Amino acid sequence: MSESPVLLNKHEVERLLTYDDLIPRLESVMGKFSKRDSSEIIQPVRSVVPIQQHSGFLGVMPAYLAAEGILCTKIVTFYQRAEGSSLPSTQATVLLFHPEHGHVTAIMDGEAITAKRTAAVSAISAKLFKPALSEVLCILGSGQQARSHYDVFTKLFKFKEVTSMKTGNTSKSFKMCFCVCDPVLYTLQVRVWSRRKEMAQRFVNDLQDPVTVCSSVKEAVIGADVIVTATGASQPILFGEWVKPGAHIAAVGACRPDWRELDDVLMREAVVYVDSREGATAESGDIILSGVCITFHQYNIADLSHHRHTYSTPKSLFSQAEVFAELGEVLNGSFPARREKTTVFKSLGNLFFHSCDPKIKNKMF
Ligand SMILES: NC(=O)C1=CN([C@@H]2O[C@H](COP(=O)(O)OP(=O)(O)OC[C@H]3O[C@@H](n4cnc5c(N)ncnc54)[C@H](O)[C@@H]3O)[C@@H](O)[C@H]2O)C=CC1
Ligand SMILES: O=C(O)C1=NCCCC1
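Because the structure is a prediction, the values reported are computed rather than measured.

Chemist: Before we go on, may I ask you to explain the site of ligand 1 in this structure?
Modeler: Glu83, Ser89, Ser142, Gln145 and Ser347 are the nearest of the 25 residues found near ligand 1. A distance of 3.5 Å is found between an oxygen atom of ligand 1 and a side-chain nitrogen or oxygen belonging to Thr118. Here a nitrogen atom of ligand 1 sits 2.9 Å away from a polar atom, N or O, in the side chain of Ser347. Those elements that provide at least two residues to the shell around ligand 1 are helix H3 (111-129) and helix H4 (144-157). Sort the elements by how many residues they give to the shell around ligand 1 and H3 lands first, with 3 residues. The residue makeup of the shell around ligand 1, split by class, is 7 nonpolar, 15 polar and 3 charged.

Have a look at this one:
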């Protein structure tokens with residue numbers, strides 16, 4: 001008989017799963033995932049069951065990392081909750097299995113894993129794509145993801161270091177320019193917006209450092225270098241016309257094919273990165289719906305073909321946003337990080353397997 005599974009509660013998972021371990025591990029495993037070598041990593045797109053009566057979803061996310069002997073699945077529920085609901089909108093459990101014998105070896109709280117993993121992946125995207133001089137971080141939303149993103153972004157990017165160049169003369173007779181590099185430290189400015197201002201205020205009250213509460217999305221994002229969208233919105237809240245050219249957006253919400261946080265302009269103008277191409281094609285409304293007009297026109301053309309109508313649809317106006325690369329493809333060197341452009345990282349959370357950190361696994365075996 002196999003032994004009873006180890007139980008790890010939220011507190012224990014939070015303690016064991018540190019960003020210092022998680023980030024390099026995620027970087028390494030995402031790079032491997034993007035090579036699509038199924039003898040190494042198998043992580044299909046999750047299965048999702050809608051719970052229509054209650055505005056919720058149940059997702060099952062199995063994964064196998066052969067080399068590390070990790071066989072696991074996350075089971076997650078997520079709901080569109082009324083503002084101020086005391087219930088969490090995302091809840092999860094992670095099960096680990098013995099890969100050879102098949103029994104469950106561990107049952108872990110998945111809420112802490114989801115919060116930290118998602119924020120860590122966004123932080124990796126910001127490391128790769130944020131403008132070199134990033135002074136302003138803007139977080140849209142004030143829930144669990146907003147908080148974990150605040151924690152890791154301020155931990156990693158609290159200060160930006162800029163090297164200023166000075167020129168001058170070295171001697172009277174021989175004029176020569178020389179350069180001196182002065183490291184200058186700037187404090188990252190953080191802005192937060194939430195649907196109800198008091199929720200943003202409550203978010204800020206829990207923090208040590210000063211954070212500006214903004215009254216509108218526009219006020220929050222104008223001039224921001226890095227923007228995190230972590231809301232339950234199903235219609236666009238962030239519009240391309242407000243976004244500073246070259247900014248980086250980590251788009252964390254809108255994980256359903258008919259939900260969006262970002263508008264067409266932003267999605268079509270930005271260079272779009274994703275965690276998994278298959279996941280993005282199946283689940284990202286921000287990507288799928290950015291091409292809704294061409295789908296509509298094509299449908300009309302087919303429908304009216306017997307009338308011999310010729311429709312000419314300007315492609316650039318209606319085509320769907322294109323996925324440029326997976327984050328893992330940048331991490332493994334197959335695609336470039338186009339830091340000079342406005343970039344969107346569309347996160348869907350499909351790749352959760354990295355969360356089964358060896359430290360957690362060691363605790364169990
Ligand atoms: N990409 C990923 O890997 C993951 C994505 N998520 C998604 O991220 C989003 C945030 O998740 P949590 O922080 O856990 O949720 P939460 O419930 O703790 O916070 C949600 C925030 O969104 C705001 N909000 C809700 N509906 C809104 C609307 N229509 N317009 C504007 N703001 C709205 C709320 O006021 C709150 O500030 C959700 O969409 C969730 O499904 C969650 C976990 C992982
Ligand atoms: O990865 C997860 O966990 C989730 N992803 C998107 C929706 C909420 C939960």
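Continuing now.
Chemist: Help me understand the pairing of strand E4 (residues 56-65) in this model?
Modeler: Two faces make up the sheet, and in a regular strand the side chains alternate between them. Sheet analysis places strand E2 (residues 41-42) next to E4, joined by 2 bridges and oriented antiparallel. When the bridges of E4 are listed, Ile41 appears paired with Leu65. Inspection of the sheet shows strand E3 (residues 47-51) paired to E4 by 5 bridges, in the antiparallel sense. Along E4, the bridge assignment pairs Val49 with Leu58. Counting the residues in the hairpin turn of E3 and E4 gives 4 residues, including Ser55, whose phi is positive at 50°. When E4 meets strand E5 (residues 70-79), the two strands line up antiparallel, connected through 10 bridges. In the strand pairing of E5, Gly59 is matched with Val76. Between the end of E4 and the start of E5, which pair antiparallel, lie 4 residues, with Gly69 showing a positive phi angle near 65°.

Chemist: Looking at this model, I keep getting lost on the packing of H3 against H4. Mind explaining?
Modeler: Helix-helix packing is described using two parameters, namely the angle between the two axes and the distance between the axes. The contact between H3 and H4 brings their axes to 8 Å, and the two run at 45°. Accordingly, the angle class assigned to the pair H3 and H4 is oblique. Remark: the crossing between H3 and H4 carries right-handed chirality. Where H3 approaches H4, its residues Glu111, Thr114, Ala115, Thr118, Ala119, Ala120, Ser122, Ala123, Ala126 and Lys127 are matched on the opposing element by Gln144, Gln145, Ser148, His149, Val152, Phe153, Leu156 and Phe157. Residues that form the contact of H3 with H4 fall into these classes: 9 nonpolar, 7 polar and 2 charged.

Chemist: Got a minute to help me understand the site of ligand 2 in this structure?
Modeler: In the vicinity of ligand 2, the contacting residues are Arg46, Met61, Lys74, Val76, Phe78, Thr90, Thr114, Cys255, Leu348 and Gly349. Between an oxygen atom of ligand 2 and a side-chain N or O atom of Lys74, the distance comes to 2.7 Å. At a separation of 3.4 Å, a nitrogen atom of ligand 2 approaches a polar backbone atom of Leu348. Burial of ligand 2 by the protein amounts to 91% of the accessible area it has alone, namely 270 Å². Element by element, the count of residues in the shell around ligand 2 is highest for E5, at 3 residues.

Cut-offs applied
Residues numbered from 1 in each chain as written. Chains lettered and ligands numbered in written order. Predicted model: local features only at pLDDT ≥ 70, side-chain atom pairs only at ≥ 80, totals over all residues. Heavy atoms only, no water. Near = heavy atom within 4 Å. Polar contact = N/O pair within 3.5 Å; in protein donor to acceptor, adjacent residues only side chain to side chain. Helix = DSSP H or I, 4+ residues; strand = E, 2+ residues; numbered from the N terminus. Nonpolar A, V, L, I, M, F, W, Y, C, P; charged D, E, K, R; others polar. Pairing = 2+ DSSP bridges. Axes fitted to C-alpha atoms, helices over the stretch in contact; angles between N-to-C directions. Parallel < 35°, antiparallel > 145°, perpendicular 65-115°, else oblique. Left-handed = near helix turned anticlockwise from the far one by under 90°. Contact = heavy atoms within 4.5 Å. Areas by Shrake-Rupley, 256 points an atom, 1.4 Å probe, with all protein chains shown as cover.

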